[in-house]
Amino acid sequence: MSELLCGRFRLSLARPLVMGIVNVTPDSFSDGGRYDSVAKAVVQAERLVNDGADILDIGGESTRPGAARIPDDEEIHRVVPVLQALQSLNVPLSIDTCKTAVMRAALDAGVDLVNDIAALEDEGALGIVARSQAAVCLMHKQGEPQGMQAAPHYNDVVAEVEAYLIERRDAALAAGIDRHRLLLDPGFGFGKAFEHNVALFKALNGQAERVGAPLLVGVSRKTMLGTITNRGVPAERVSASVAAALLAVQAGAAVIRVHDVRETVDAIKVWQALK
Ligand code: 7PJ
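The rules behind the values
Numbering of residues starts from 1 in every chain and runs along the sequence as written. Only residues with pLDDT of at least 70 get local features here, since the model is predicted, and only at 80 or more are side-chain atom pairs given and counted; chain-wide, interface and lining totals rely on the full set of residues. Think of the side-chain values as coming from all heavy atoms in the structure, minus any hydrogens and water. Helix and strand assignments follow DSSP, with helices taken as H or I runs no shorter than four residues and strands as E runs no shorter than two, numbered in order from the N terminus. Type-normalised accessible area, obtained with a 1.4 Å probe on protein chains alone, sets the label of each residue: buried when under 20%, exposed when over 50%, and partly exposed for intermediate values. Any two of the Phe, Tyr and Trp rings considered here, Trp counted by its six-membered ring, make a pair once their centres fall within 6.5 Å; the pair's planes then place it as stacked at under 30 degrees, edge-to-face at over 60, or tilted in between. Whether a charge sits over a ring comes down to the Lys NZ or Arg CZ being within 6 Å of the ring centre and within 35 degrees of the ring normal. We define proximity as follows: a residue is near a molecule or strand when any one of its heavy atoms falls within 4 Å of that partner. Polar contacts, as used here, are pairs of N or O atoms within 3.5 Å; protein pairs need one atom able to donate a hydrogen and one able to accept it. Residues neighboring in sequence count only if both atoms are side-chain atoms. Classes in brief: Ala, Val, Leu, Ile, Met, Phe, Trp, Tyr, Cys and Pro nonpolar; Asp, Glu, Lys and Arg charged; the others, Gly included, polar.

Draft legend 1. Geometry of unusual backbone geometry. Its identity as a non-glycine residue notwithstanding, L120 has a phi of 60 degrees, on the positive side. Along the chain, L120 falls in the loop between strand 6 (113–116) and helix 4 (125–130). In this model, N230 sits at a positive phi of 60 degrees, which is unusual for a non-glycine residue. Relative to the helices and strands, N230 is located in the loop between helix 8 (223–229) and helix 9 (238–250). Note on N230: relative accessible area 70%, which makes it exposed.

Draft legend 2. Looking closely at the packing of aromatic side chains. By the definition in use, this model includes one aromatic pair. Cation over ring: K275 sits above W271, and NZ or CZ is 4.6 Å from the ring centre.

Draft legend 3. Focus on the site of the ligand. As a matter of local geometry, the ligand sits amid 13 residues, with T63, N115, D185, K222 and R257 nearest to it. The separation between a nitrogen atom of the ligand and a polar side-chain atom of D185 is 2.6 Å. Interatomic distance of 2.9 Å between a side-chain N/O atom of R257 and an oxygen atom of the ligand. Broken down by class, the residue content of the shell around the ligand amounts to five nonpolar, three polar and five charged.

Rendered as structure tokens:
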């Protein structure tokens, strides 16, 4: 079975891994000195580890459709104290960023995985990651988060997404990133209409073999699941998210990125015992 070289860790991919989402979003009312947002993120991270998270994904900038951008130094000041505080947990830490400056600061703070929705397209990103020991997730998106859901267009969404992932995988390999450090992600909800997401999900089976690297899948609480279940509120999409996570691991996904770690871990345990 294959392994993922991931900073301080070598992670076996013999069973699906659960990546728990930690958002570091400052509360503008109560956050003098950012102490509160750091403390809250650390508490949330510790809870996710207790719930069985294999990896923690720390993000300081929302990449949800329509979200505003924040400056590099603001993002660094949000995430680096959290990464430092979580080092001693002895759990692989991922940084969810698309900015080279944030990657550099996170790598200096000891991050084990760079999760990039822009697949290391930012200037200098390939080189920064290549010079580290960190794993990297290269994700497909069409357009930028600010306007990407306006009018997504594909002639053949599966073929186009897979061609892009292969191109970025090859760019990473050419930059000197070992293939055992790579994860690829079709990028559910990133410049994709409902029918594009459905087509991509149905194509997960065999996709890792076609694109030549293990897959990370992130569908947790996303709009596509709200559309299927008619749940407008993301927090009401937990059952839908667990069902989709199970289907993704059954189709061969190596890593599942989720909000609801405890529920997803239980479901995967049942799947493993009874499949
Ligand atoms: C993803 C992500 C995803 C990867 C976000 C949200 C939006 N990183 N970061 N894959 N989604 N690799 O969680 O709804 O699907 S932020």
